[in-house]
Amino acid sequence: MLALISPSPCKPCVKSRTTTARFMATDRTTEAPIRQRRVMSAFEVRVSLVFALASQASSLSQRILVDVASETAKYVFPKRFENRNLEEALMAVPDLETVEYKVLSRRDEYEIREVEPYYIAETTMPGKTGFDFNGASQSFNVLAEYLFGKNTRKERMEMTTPVITRKIQSDGEEMEMTTPVITKKLTGQDKWEMSFVMPSKYGASLPLPKDQSVRIKEVQRKTVAVVAFSGFVTDEEVKQRESKLRDALKSDTNFIVKEGASVEVAQYNPPFTLPFTRRNEIALEVVKKEEWLHNNDSLI
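Residues numbered from 1 in each chain as written. Predicted model: local features only at pLDDT ≥ 70, side-chain atom pairs only at ≥ 80, totals over all residues. Heavy atoms only, no water.

- By the naming in an unreviewed UniProt entry, the protein goes by SOUL heme-binding family protein and is assigned to Tripterygium wilfordii.
- Checking UniProt for the protein, the heading Sequence similarities (unreviewed entry) contains the comment "Belongs to the HEBP family." (UniProt positions renumbered as here; feature names shortened; annotations may be inferred.)

Below, the structure written as structure tokens:
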């Protein structure tokens, strides 16, 4: 009788089954660890916040520095007018927007300009003179507040040049305002007006001032005789230069001082400018002689 003998498994098969069994056993008994999110300590949070704020401040500082550098360059690298003598050659003005004009003629004592229309913001000065420090400072600050945001749109506008002071007639004549800043005297009342020239991009759509003492006006195209001088402006100097300009214009063959014209003083530089590099101008409105003769035929 034949005996049934179970065949013994081959060695490779035994090794394979053993390896599989061990793997299954390990898989059942060992679970993959759960990765937990690391919680930052309070100190680490504070450090991260400091670095974030520092980075943001650095970015802001860079933008501010760029703005400051851009504005400073307008004063450090000024523009110059065409000069007629050594005094004017030394004068320099900030590279800011100013009134547009063209020169019609030049003489040794003055030049004749045709000035384009422009808008101004004006205020009446509290002092009894046009160049009283306290009155001028107060008026300047009132206009500057309007320019830099104290208006109905809370809009910050760019500074222009020059600042103009101007005499005005005792009958309360309303003068068109221009830029720079204008100071205007009310004859017989010891009152002056100061004005800032407004940026031309606004035209008639300027924001309204919140301060009722500030008025917006348009200055029409006009022709003026202008004399430039350096140094700091005083009432006495303005009086003397106005007198000399009126005398010089008497011999002009083409232009005559407009009846009722008041002197206007333009100052182009900030207070820290050296006196001999400052540019100031006095101006009187003029008309062509033939135009004046035509309008006054009935009086001749």
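## Quick look at unusual backbone geometry
Trans is the common state for peptide bonds, and a negative phi is the common state for residues other than glycine.
In step 1: In the segment running from Thr161 into Pro162, the intervening peptide bond is cis, with an omega of 0°.
In step 2: Looking at the element boundaries, Pro162 is found in the loop between α4 (133–147) and β4 (163–168).
In step 3: Positive phi, normally seen in glycine, also occurs at Lys154, with a value near 50°.
In step 4: Note that Lys154 resides in the loop between α4 and β4.
In step 5: Among the residues examined, Lys154 registers a relative accessible area of 66% and is labelled exposed. (Helix = DSSP H or I, 4+ residues; strand = E, 2+ residues; numbered from the N terminus. Buried < 20%, exposed > 50% of the residue type's maximum accessible area, 1.4 Å probe, protein only.)

## Focus: the pairing of strand β3 (residues 118–125)
In step 1: The buried fraction of β3 is high, at six of eight residues.
In step 2: Both β3 and strand β7 (residues 215–219) contribute to a ladder of five bridges, which runs antiparallel. Bridge pairing in β7 links Glu122 to Arg215.
In step 3: In this structure, β3 lies alongside strand β6 (residues 192–197), joined through six bridges in antiparallel fashion. Paired with Glu122 across the two strands is Ser195, which belongs to β6. (Pairing = 2+ DSSP bridges.)

## Details of the pattern of salt bridges
In step 1: This structure, assessed with the given rule, holds 18 salt bridges.
In step 2: We note a salt bridge from Glu116 to Arg221, for which the minimum N-O separation is 2.7 Å. With a gap of 105 residues between them, Glu116 in the loop between β2 (111–115) and β3 and Arg221 in the loop between β7 and β8 (222–229) connect regions that are remote in the sequence.
In step 3: Taking the relative accessible area as the measure of exposure, Glu116 reaches 27% and is therefore partly exposed.
In step 4: For Arg221, a relative accessible area of 47% translates into the label partly exposed. (Salt bridge = Lys/Arg side-chain N within 4 Å of Asp/Glu carboxyl O.)

## Concerning α4
In step 1: In this model α4 runs 21 Å from its N-terminal to its C-terminal C-alpha over 15 residues, within 8% of the 21 Å that 1.5 Å per residue would give.
In step 2: Among the residues of α4, those classed as buried are Gly135, Ala136, Ser139, Val142, Leu143, Ala144, Tyr146 and Leu147.
In step 3: Check the buried side of α4 and you find it contacts β3, β6 and β7.
In step 4: Downstream of α4 by one or two residues, Gly149 has phi in the positive range, about 135°. (Expected span 1.5 Å × (residues − 1). Contact = heavy atoms within 4.5 Å.)

## Description of the nonpolar core
In step 1: Counting 36 residues, the largest nonpolar core has Tyr110, Leu245 and Leu249 as its most contacted members.
In step 2: For this core, the secondary structure elements donating two or more residues are β3, α4, β6, β8, α5 (235–249), β9 (255–257) and β11 (280–288).
In step 3: By residue number, the principal contributor to this core is α4, which donates six residues.
In step 4: If you look at the next biggest cluster of nonpolar residues, it comprises 13 residues, including Ile120, Ile164, Val197 and Val219. (Core = buried A, V, L, I, M, F, W, Y, C linked by side-chain atoms within 4.5 Å.)

## Thoughts on the side chain of Arg166
In step 1: On the secondary structure map, Arg166 appears in strand β4.
In step 2: Residue Arg166 is classed as buried on the basis of its relative accessible area, which comes to 5%.
In step 3: One polar contact links Arg166 to Glu264, side chain to side chain, over a distance of 3.3 Å. (Polar contact = N/O pair within 3.5 Å; in protein donor to acceptor, adjacent residues only side chain to side chain.)

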